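# Residue-level structure breakdown
One-letter residues, chain by chain:
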Amino acid sequence: MGNILIKNIKSLAGILEGNAAPLRGEQLGKLEVLENAYLAIEDGRIADYGKMEDLAGITNWTDLEVIDAEGKFVLPAFCDSHTHLVFAATREGEFVDRINGLTYEEIGKKGGGILNSARRLAEMPEEELVASALKRLDLVKSQGTGAIEIKSGYGLSVEAELKMLRVIRTLKQKSDLTIKATFLGAHAFPPAYKENKDAYVDLVINEMLPQIQKENLADYIDVFCERNYFSPEQLERILQAGLEFDLLPKIHVNQFSILGGVGIGVKYGAISVDHLEELDENDIIELDRSNTIATALPGCSFFLGIPYAPVRTMLNNNLAVALASDYNPGSTPSGNMQFVNSLACIQMKLTPEEALNATTINGAYAMELAQELGSITRGKKANIIITKEMPSLHYLPYSFGENKVERVILFK
Ligand code: NIG
Ligand code: FE
């Protein structure tokens, strides 16, 4: 089981040996490829790769599946480090409201948005949430994703936040994708706490976090730090409490406004700070001095018509940048990482090589999975994409909207 030889690969892309940290600045544009290659997988791990002419000595394996990849590319599967993939219902109504002139923020203020999703999620039994999320996982796998982070945050009560996190735990068991769970109890204030927001922060810290630790339900902690949502002071309180429960931050900051959340994330050792559609020089200085990854979500900018995170500026300042989908029913109803690659190239002016590294190895770092995933590296898990026949690697982001993934091979 798990012994596969892929031969005649047109190009094996994303080879990376001896790497120990997220790719920063101009390193992001360096993507190693091998033309006319083979890839040998033994017990689910990358045993070897090389030029076809050097292929020898591994045909005596038992149970060896041989795949001919003539004309095709082999790449590391995408590592999508920011999603809200568990939800009860889609929100096309708000989509049409926005077409008719309301903004995303206005819809949220009127009790739609995240609160809309929370009302629907409260009603839905755990098994149904699992079933619908598994379908979405199958969909994103068919589009090339092999590892994914999933947040809670449509619960907003002790009971419903725990329900969401238990759903994610079940997904970890049932799906062949590698999954990380993030606790996002601080995603919005439930209506009952409108006049006493700090009491909701107390609930997150004193009621939710201890129970989450008891059941070991989360890998990270997140807060939506934004005007009309959680203030920098509230962010700091929650991150401090998170650390006491051994949860490192991966946070929502700077989507619409700059409140200082980036610096607070860095101070608490955030694995990543995400969104960053708005960014100032101070934020860049904070990130430059840190190991925190700057994660941009171009699908959200596309769907909401808001600015794109200034990723070129980030790279010019030598930051470590990852790209993720933000898959959720309100701001980004797509988890398609091929489309994320296209948007990164078309709208953010990344090269195809930069986009691919930002959605594979740096995405893996943004989930602390880079020891095992995110590149073609001997000894890593062989979580890979075999593409359809393509003329070049650049065709991948160029041909937006077309599914170039023929097969995804995943091991856990
Ligand atoms: O990352 N901005 C906060 N959270 C999500 C959207 C949540 C929603 O609209 O349901 C985001 O864009
Ligand atoms: Fe998000």
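Quick notes on the rules
- Residue numbers run consecutively from 1 along every chain, following the written order of its sequence.
- The order in which chains are written sets their letters, starting at A; the order in which ligands are written sets their numbers, starting at 1.
- Reporting of local features is limited, given that this is a predicted model, to residues whose pLDDT is at least 70; pairs of side-chain atoms are given and counted only at 80 or more, and all residues count toward the totals for whole chains, interfaces and linings.
- Think of the side-chain values as coming from all heavy atoms in the structure, minus any hydrogens and water.
- Helix and strand definitions follow DSSP, with helices as H or I runs of at least four residues and strands as E runs of at least two, each counted in order from the N terminus.
- Two things to know: the radius of gyration comes from C-alpha atoms, and the globule rule equals 2.2 Å times the number of residues to the power 0.38.
- The buried label applies to any residue whose accessible area, calculated with a 1.4 Å probe on protein chains only, is under 20% of its type's maximum; exposed applies above 50%, and partly exposed to all values in between.
- Should any heavy atoms of two residues lie within 4.5 Å, those residues are considered in contact.
- Surface accessibility in these figures is a Shrake-Rupley result with a 1.4 Å probe; residues are shielded only by whichever protein chains are displayed.
- Only four residue types enter the tally: Lys and Arg on the positive side, Asp and Glu on the negative side, with His and both chain ends excluded.
- To locate a charge, take NZ of a lysine, CZ of an arginine, CG of an aspartate or CD of a glutamate.
- Donor criterion used throughout: N, O or S atom within 2.8 Å of the metal, extended to 3.2 Å for Na, K and Ca. Water excluded; incomplete-looking sites may result.
- Axis lines are fitted to C-alpha atoms, over the contacting stretch for helices. Their N-to-C directions set the angle, which ranges from 0 to 180 degrees.
- Every angle not falling under 35 degrees, over 145, or within 65 to 115 is termed oblique; those three ranges are roughly parallel, roughly antiparallel and roughly perpendicular.
- In what follows, salt bridge is the name for a side-chain nitrogen of Lys or Arg lying within 4 Å of a carboxyl oxygen of Asp or Glu.
- Note on aromatic contacts: the rings of Phe and Tyr and the six-membered ring of Trp form a pair at centre separations within 6.5 Å, being stacked when their planes are under 30 degrees apart, edge-to-face when over 60 apart, and tilted otherwise.
- The criterion for a charge sitting over a ring is simple: Lys NZ or Arg CZ within 6 Å of the ring centre, and within 35 degrees of the ring normal.
- All domain edges in this entry derive from an automatic or database-based domain assignment.
- We define buried area as the total accessible area lost by two parts upon association, computed with a 1.4 Å probe and summed across both.
- Any pair of N or O atoms that falls within 3.5 Å is considered a polar contact. Within protein, one atom must be able to donate a hydrogen and the other to accept it, and sequence-neighbouring residues count only if both atoms are side-chain atoms.
- Following the grouping adopted for this structure description, the nonpolar residues are Ala, Val, Leu, Ile, Met, Phe, Trp, Tyr, Cys and Pro, the charged ones are Asp, Glu, Lys and Arg, and the polar ones are all others, Gly among them.
- Pairing between strands is defined by DSSP: at least two bridges between the two strands are required.
- To be near a molecule or strand, a residue needs just one of its heavy atoms within 4 Å of it.

A few words on the overall build of the chain. Along the backbone of the chain there are 15 helices and 15 strands. For 412 residues, the compact-globule estimate of 2.2 N^0.38 gives 22 Å, and the C-alpha radius of gyration of the chain, at 21 Å, lies within 12% of that figure. Principal axes of the C-alpha set define a box for the chain whose edges measure 70 × 45 × 45 Å. Here the chain holds 412 residues, and 61% of them are scored as buried. Counting contacts in the chain only where the partners sit at least 6 residues apart, residues at least 24 apart contribute 73% of the total. Only carbon and sulfur atoms are counted for the fraction: they give 48% of the accessible area of the chain, which is about 16,200 Å². Averaging the locations of the 40 positively and 56 negatively charged side chains of the chain gives two centres separated by 3 Å.

A separate point is the coordination of the iron ion (ligand 2). Within the protein, His-82 (NE2), His-84 (NE2), His-252 (NE2) and Asp-326 (OD) serve as the donor atoms for the iron ion (ligand 2), at 2.1 to 2.2 Å. Written as a sequence motif, the donor residues of the iron ion (ligand 2) are H-x1-H-x167-H-x73-D. His-84 sits in the buried class, given a relative accessible area of 3%.

This brings us to unusual backbone geometry. Phi angles above zero are rare outside glycine, and Asn-254 is one such case at about 60°. Tracing the chain through its elements places Asn-254 in the loop between β10 (248-253) and α8 (261-267). Taking the relative accessible area as the measure of exposure, Asn-254 reaches 1% and is therefore buried. For Glu-368, which is not a glycine, the phi torsion comes out positive at approximately 55°. Along the chain, Glu-368 falls in the loop between α14 (361-365) and β14 (384-389). Taking the relative accessible area as the measure of exposure, Glu-368 reaches 45% and is therefore partly exposed.

Let's shift gears to the packing of helix α6 (residues 197-214) against helix α7 (residues 232-244). Contact geometry of α6 with α7 gives a least axis separation of 10 Å together with a crossing angle of 10°. In terms of orientation, α6 lies roughly parallel with respect to α7. Here α6 contributes Lys-197, Asp-198, Val-201, Asp-202, Val-204, Ile-205 and Leu-209 to the contact with α7, which in turn contributes Gln-234, Arg-237, Ile-238, Ala-241 and Gly-242.

Turning our attention to the pattern of salt bridges. All told, the structure shown has 16 salt bridges when counted by the stated rule. With its nearest N and O atoms 2.8 Å apart, the salt bridge here joins Arg-91 to Glu-94. The salt bridge partner of Asp-202 is Arg-237, with a shortest N-O separation of 2.6 Å. One end of the pair, Asp-202, is in helix α6; the other, Arg-237, is in helix α7, and 35 residues separate them in sequence.

This next bit is on the packing of aromatic side chains. Evaluation of the coordinates by the stated rule reveals 10 aromatic pairs. Ring centres 6.2 Å apart and planes at 75° place the aromatic pair Phe-87 and Tyr-327 in the edge-to-face group. Separated by 240 residues along the polypeptide, Phe-87 in the loop between β6 (78-80) and α1 (92-99) and Tyr-327 in the loop between β13 (321-323) and α12 (337-348) bring together distant segments of the chain. Members of the aromatic cluster, joined through ring pairs, are Phe-189, Tyr-193, Tyr-200 and Phe-230. Its guanidinium or amino end placed over the ring of Phe-303, Arg-98 lies 4.7 Å from that ring's centre, counting from NZ or CZ.

Moving on to the domain arrangement of the chain. Along its sequence, the chain is organised into domain 1 (3-77 + 375-409) and domain 2 (78-365). Computed from C-alpha coordinates alone, the two centres of domain 1 and domain 2 are separated by 30 Å. Contacts between the two partners involve 30 residues from domain 1, matched on the other side by 33 residues from domain 2. Across the domain 1 to domain 2 interface the summed buried area is about 2,600 Å²; carbon plus sulfur atoms make up 60%. Our enumeration of links across domain 1 and domain 2 arrives at 0 salt bridges. Taken together, the links from domain 1 to domain 2 amount to 14 residue pairs in polar contact (both at pLDDT 80 or more). Those elements that provide at least two residues to the side of domain 1 that touches domain 2 are β5 (72-76), α15 (395-398) and β15 (405-409). Here the residues of the side of domain 1 that touches domain 2 are counted per class, giving 17 nonpolar, 8 polar and 5 charged.

Attention shifts here to the pairing of strand β1 (residues 4-15). Where burial is concerned, most of β1 is hidden: 9 out of the 12 residues are buried. The sheet contact formed by β1 and strand β2 (residues 32-42) spans 8 bridges and is antiparallel. Paired with Leu-5 across the bridge in β2 is Ala-40.

Near ligand 1, the surroundings consist of 15 residues, among which Arg-91, Tyr-104, Tyr-154, Gln-255 and Ser-331 are the closest. Contact distances for ligand 1 include 2.8 Å between a nitrogen atom and a side-chain N or O atom of His-187. Interatomic distance of 2.9 Å between a side-chain N/O atom of Asp-326 and an oxygen atom of ligand 1. Out of a free accessible area of 330 Å², ligand 1 has 100% covered by protein chains. The residue inventory of the shell around ligand 1, partitioned by class, reads 4 nonpolar, 9 polar and 2 charged.

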